[in-house]
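Working through the structure, step by step
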Amino acid sequence: VQLQASGGGLVQAGGSLRLSCAASGRTFRQSTIAWFRQAPGKEYEFVAGSWRSTGRTYYGDSVKGRFTISRDNAQNSVHLQMNSLKPEDTAVYYCALDDSLILSSLRQAGDYDYWGQGTEVTVSS
């Protein structure tokens, strides 16, 4: 499985960006897929996830109401629409995928088997 993230860039506070992650090597209809981020010197932070089968979405507290995750199973892709960006959203964003995750592990970066290469988001104040 290969995950390719894209869409990062430099944006002013209050602006928007849309990240995309394309999966190749398999279909991921039955996979849980999520976005994590890592700011310099910090741990991975759960941003948003889409649960396998149901597609139910979950969000980190810091992005609720501003970010939206969506998945397109036909295109094997997932997107993260980020609105009302803040300087504290600056990080490298990663998409991650797993087939056998239990729900209690959704927010645990270490439990995902497959990762994309990351795309950098910088929000200027």
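For clarity, every value in this text was computed on a predicted model and none was experimentally measured.

Criteria and thresholds
- Residues numbered from 1 in each chain as written.
- Predicted model: local features only at pLDDT ≥ 70, side-chain atom pairs only at ≥ 80, totals over all residues.
- Heavy atoms only, no water.
- Pairing = 2+ DSSP bridges.
- Helix = DSSP H or I, 4+ residues; strand = E, 2+ residues; numbered from the N terminus.
- Axes fitted to C-alpha atoms, helices over the stretch in contact; angles between N-to-C directions.
- Disulfide = S-S within 2.5 Å.
- Buried < 20%, exposed > 50% of the residue type's maximum accessible area, 1.4 Å probe, protein only.
- Core = buried A, V, L, I, M, F, W, Y, C linked by side-chain atoms within 4.5 Å.
- Contact = heavy atoms within 4.5 Å.
- Phe/Tyr/Trp six-rings, centres within 6.5 Å; stacked < 30°, edge-to-face > 60°.

Read across the open sheet, the four strands follow the order β1-β3-β8-β7; overall the sheet is antiparallel. Every other strand in the sheet has two partners, leaving β1 (2–6) and β7 (67–72) as the edge strands with one partner each. Across the sheet, the mean angle separating the axes of adjacent strands is 15° when strand polarity is ignored. Alignment of strand β3 (residues 17–24) against strand β8 (residues 77–82), held across six bridges, turns out to be antiparallel. Bridge pairing in β8 links C21 to V78.

Counted under the stated rule, the structure contains one disulfide. Residue C21 pairs covalently with C95 via a disulfide, S to S 2.1 Å. Across the S-S bond of C21 and C95 the torsion is about 65°, and the bridge reads as right-handed. On the criterion of sequence distance, the pair formed by C21 in strand β3 and C95 in strand β9 (residues 91–98) is long-range, its members being 74 residues apart. Like C21, the residue C95 is buried in the burial classification.

Within the largest apolar cluster, 27 residues are counted, with the highest numbers of intra-cluster contacts made by W35, V47, F67, L80, M82 and Y93. Elements with a minimum of two residues in this core: β1, β3, β4 (32–38), β5 (45–50), β7, β8, β9 and β11 (119–124). Apart from residues no more than four positions distant in its own chain, M82 is found in contact with G15, S16, L17, L19, R66, F67, Y93 and V121. W51, L101, L106 and A109 belong to the second largest nonpolar core, which has 10 residues in total.

Burial analysis of β8 places five of its six residues in the buried class, which makes it a mostly covered element. Bridging between β7 and β8 involves six bridges; their strand directions are antiparallel. What sits directly across from R71, in β8, is V78. Counted along the chain from β7 to the antiparallel partner β8, the turn is four residues long, and its residue N76 has a positive phi close to 55°.

Quick look at the packing of aromatic side chains now. Under the criterion given, the structure shown has seven aromatic pairs. Each ring, one from Y44 and one from Y94, has its centre 5.6 Å from the other, and the planes form 70°; the classification is edge-to-face. Placement of the pair is Y44 in the loop between β4 and β5 and Y94 in strand β9, with a sequence separation of 50 residues. Y44 gets classed as partly exposed once you look at its relative accessible area, which sits at 38%. Note on Y94 and W115: the rings are 6.1 Å apart at their centroids and 75° apart in plane angle, and the pair reads as edge-to-face. Separated by 21 residues along the polypeptide, Y94 in strand β9 and W115 in strand β10 (residues 114–115) bring together distant segments of the chain. Looking at Y94, the relative accessible area reads 15%, which means it is buried. Residue classification places W115 among the partly exposed positions, given a relative accessible area of 29%.

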